[in-house]
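# Results of the structural survey
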Amino acid sequence: MNPVIEQQLAQLKESGYEATATQLPSGAHLITIPNVTIPVGWNRQTTTVLFLAPPGYPAAQPDCFWVEPGQMRLAGGGTPAGSNDSNPIPELVPPRQFTWFSWHLQSWNANRDSLYTYFNVIMKRLGSLQ
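In this text the structure is predicted, and so the values were computed from the model without any measurement.

Looking now at the overall build of the protein. Helix and strand counts for the protein stand at 2 helices and 6 strands. N-terminal to C-terminal, the α/β element order of the protein is α-β-β-β-β-β-β-α. The C-alpha atoms of the protein give a radius of gyration of 14 Å, which matches the 14 Å a tight globule of 130 residues would have. Referenced to the eigenvectors of the C-alpha coordinate spread, the extents of the protein come out at roughly 40 × 30 × 25 Å. The proportion of buried residues among the 130 residues of the protein is 42%. The contacts in the protein between residues at least 6 apart in sequence include a share of 54% that link residues at least 24 apart. In the form shown here, the protein has an accessible surface area of approximately 6600 Å², with 52% of it arising from carbon and sulfur atoms. The average position of the 7 basic charges and that of the 8 acidic charges among the side chains of the protein differ by 8 Å.

With that settled, the discussion passes to the packing of aromatic side chains. Applying the stated criterion to the full structure yields 5 aromatic pairs. Aromatic pair tyrosine 57 and tryptophan 108: ring centres 6.0 Å apart, planes at 50°, arrangement tilted. With a gap of 51 residues between them, tyrosine 57 in the loop between β3 (46–53) and β4 (65–68) and tryptophan 108 in the loop between β6 (99–101) and α2 (115–128) connect regions that are remote in the sequence. For tryptophan 108, a relative accessible area of 16% translates into the label buried. Ring plane angle 5° and centroid distance 4.7 Å describe the contact between phenylalanine 65 and phenylalanine 101, whose orientation is recorded as stacked. Taken together, the residues phenylalanine 65 in strand β4 and phenylalanine 101 in strand β6 connect sequence positions 36 residues apart. For the pair shown, phenylalanine 65 and phenylalanine 101 are each scored as buried. Ring pairs connect the aromatic residues Trp42, Phe65 and Phe101, which therefore count as one cluster. Directly above the ring of tryptophan 103 sits arginine 125, whose terminal nitrogen or CZ lies 5.3 Å from the centroid.

The next thing to look at is unusual backbone geometry. For the peptide bond that leads from tyrosine 57 to proline 58, omega is 10°, which places it in the cis range. Within the element layout of this structure, proline 58 appears in the loop between β3 and β4. Despite not being glycine, glutamine 71 shows a phi value in the positive range, around 65°. Position of glutamine 71 relative to the elements: it lies in the loop between β4 and β5 (83–84). For glutamine 71, a relative accessible area of 43% corresponds to the partly exposed category. Even without being glycine, glutamate 91 reaches a positive phi, approximately 75°. Relative to the assigned elements, glutamate 91 resides in the loop between β5 and β6.

With that settled, consider helix α1 (residues 3–14). Residues spaced three or four apart along an α-helix point in a common direction, a consequence of the helix completing one turn every 3.6 residues. Spanning 12 residues, α1 covers 17 Å between terminal C-alpha atoms, matching the ideal 16 Å at 1.5 Å per step. At its buried positions, α1 is contacted by β1 (20–23), β2 (29–37), β3 and α2. Backbone geometry just after α1 places glycine 16 at a positive phi near 100°.

Rules of the game
- Residues numbered from 1 in each chain as written.
- Predicted model: local features only at pLDDT ≥ 70, side-chain atom pairs only at ≥ 80, totals over all residues.
- Heavy atoms only, no water.
- Helix = DSSP H or I, 4+ residues; strand = E, 2+ residues; numbered from the N terminus.
- Rg over C-alpha atoms; globule rule 2.2 N^0.38 Å.
- Buried < 20%, exposed > 50% of the residue type's maximum accessible area, 1.4 Å probe, protein only.
- Contact = heavy atoms within 4.5 Å.
- Areas by Shrake-Rupley, 256 points an atom, 1.4 Å probe, with all protein chains shown as cover.
- Lys, Arg positive; Asp, Glu negative; His and termini not counted.
- Charge placed at Lys NZ, Arg CZ, Asp CG, Glu CD.
- Phe/Tyr/Trp six-rings, centres within 6.5 Å; stacked < 30°, edge-to-face > 60°.
- Lys NZ or Arg CZ within 6 Å of the ring centre and 35° of its normal.
- Expected span 1.5 Å × (residues − 1).

The structure is reproduced here in structure tokens:
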């Protein structure tokens, strides 16, 4: 496993998250963070957050994320902006049901940013309730 990913997973774990990384055939790592409490306004109270640390990470930045189980909706039943239930995680076999969020960083600094900072970006998106 990429030593940077190992170190940054430790940071997530020190913050109380049960984060794991699974290396995929391409060299990407699937980061999985289960039992994440999300803000009021969704159709559930907790979810599993997943995202890819691409080959070349941390020079290559993460992009988008998924939540599990799928069918993540706003509390009123609406589909969140920039999401869908039909975009699978590449290379994941067998496929599972996820909700994918098209969420892209505006900036990334491999010397400053980490799995933890990207997870915080995800949490901000889940807090925006759109």
